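One letter stands for each residue in the lines below.
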Amino acid sequence: QSMRLKKIFTNLVSINEAFDTKFDSIDWNFDGESFVSIATLGSDEFKLYIQVKSLDFEGRQLVWLNVAFSRFIDGKETELLLNMGIQSKQLGAIISALKAKIQDITTQYEINAIVFIAIANEEKRISFYEKLAHSSKLGLHNWRYLATVQWPGFRAVVMSEKNLTKDEFQTLKADFEKRGKSLN
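Each residue is numbered by its place in its chain's sequence as written, counting from 1. For this predicted model, a pLDDT threshold of at least 70 governs which residues receive local features, and a threshold of 80 or more governs which side-chain atom pairs are given and counted, while totals over whole chains, interfaces and linings are taken from all residues. Side-chain figures throughout are based on the complete set of non-hydrogen atoms in the structure, without hydrogens or water.

(A) Expanded view of the nonpolar core. Counting residues in each nonpolar core, the largest one holds 33 residues, and the members touching the most others are Phe23, Leu48, Ile50, Leu98 and Ile114. Going through the elements one at a time, strand 2 (34–41), strand 3 (44–57), strand 4 (60–73), helix 2 (87–108), strand 6 (113–119), helix 3 (123–134) and strand 8 (154–160) are the ones with two or more residues in this core. The helix and strand labels rest on DSSP assignments: H or I over at least four residues marks a helix, E over at least two residues marks a strand, and numbering proceeds from the N terminus. The leading source of residues in this core is helix 2, at eight residues. Two residues form a contact once any of their heavy atoms are found within 4.5 Å. Those residues in contact with Ile114, other than ones at most four positions away along the chain, are Leu65, Val67, Ile102, Leu140, Trp143, Val157, Val158 and Met159. What is meant by a nonpolar core is a set of buried Ala, Val, Leu, Ile, Met, Phe, Trp, Tyr and Cys residues, joined one to another through side-chain atoms within 4.5 Å. Only protein chains enter the accessibility calculation, which uses a 1.4 Å probe. A residue is then buried if its area is under 20% of the maximum for its type, exposed if over 50%, and partly exposed in between.

If you want it as structure tokens, here you go:
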């Protein structure tokens, strides 16, 4: 019994330690549409994106954030970063960096939704996004998980701070389905 408790406690400590991890260096730039950062943790290099997308809806703007991250392996950018290296610390650093930037953006601009898009068969990434959306780790206290939606080739986890009407949600959904995972 005490070994089981010790294991649970050790897991909790390592999870909390992971979420306290910060990148060794991170530098955000805004190119007019996206906040992009190259970040390092030890010898590992990552790229974080937060694209600001907007569309007209009934005479006003609906704005959503397309949040994504990747890792460089042998100089090539890849999204297959789960199960590699010190996974929990890497994810902790990614979450810490995204959390700070998303909090900054959502206090400066009116954002209707935060969207994490994954290729349909990336189950670990989708599961990670859903856990993130359901947890308080992003520090967006008024934001909540809204839905996981799918369309051919993709799945997306959607969070919102507001109670979106059915029409607002359908309009946003059509926009991110149209854009897909593309970072343009």
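(B) Focus on the confidence of the model for the chain. Mean pLDDT for the chain: 82, with 82% of residues reaching 70 or above. One number per residue, pLDDT, summarises how confident the predictor is, and it ranges from 0 to 100. Overall, residues 9–14 carries pLDDT values under 50, and its contacts beyond four positions in sequence, including any with other chains, amount to zero contacts.

(C) Looking closely at the pattern of salt bridges. Every case where a carboxyl oxygen of Asp or Glu lies within 4 Å of a side-chain nitrogen of Lys or Arg is listed as a salt bridge. What the rule picks out here adds up to ten salt bridges. Across the salt bridge formed by Glu33 and Lys53, the nearest N and O atoms sit 3.1 Å from each other. Taken together, the residues span a long stretch of sequence, with Glu33 in the loop between strand 1 (25–30) and strand 2 and Lys53 in strand 3 at a distance of 20 residues. Taking the relative accessible area as the measure of exposure, Lys53 reaches 2% and is therefore buried. A salt bridge links Glu122 to Arg125, with the nearest nitrogen and oxygen atoms 3.9 Å apart. Across the pair, Arg125 and Glu122 agree in class, each one buried. If you follow the salt bridges from partner to partner, you end up with Asp175, Lys178 and Arg179 in one network.

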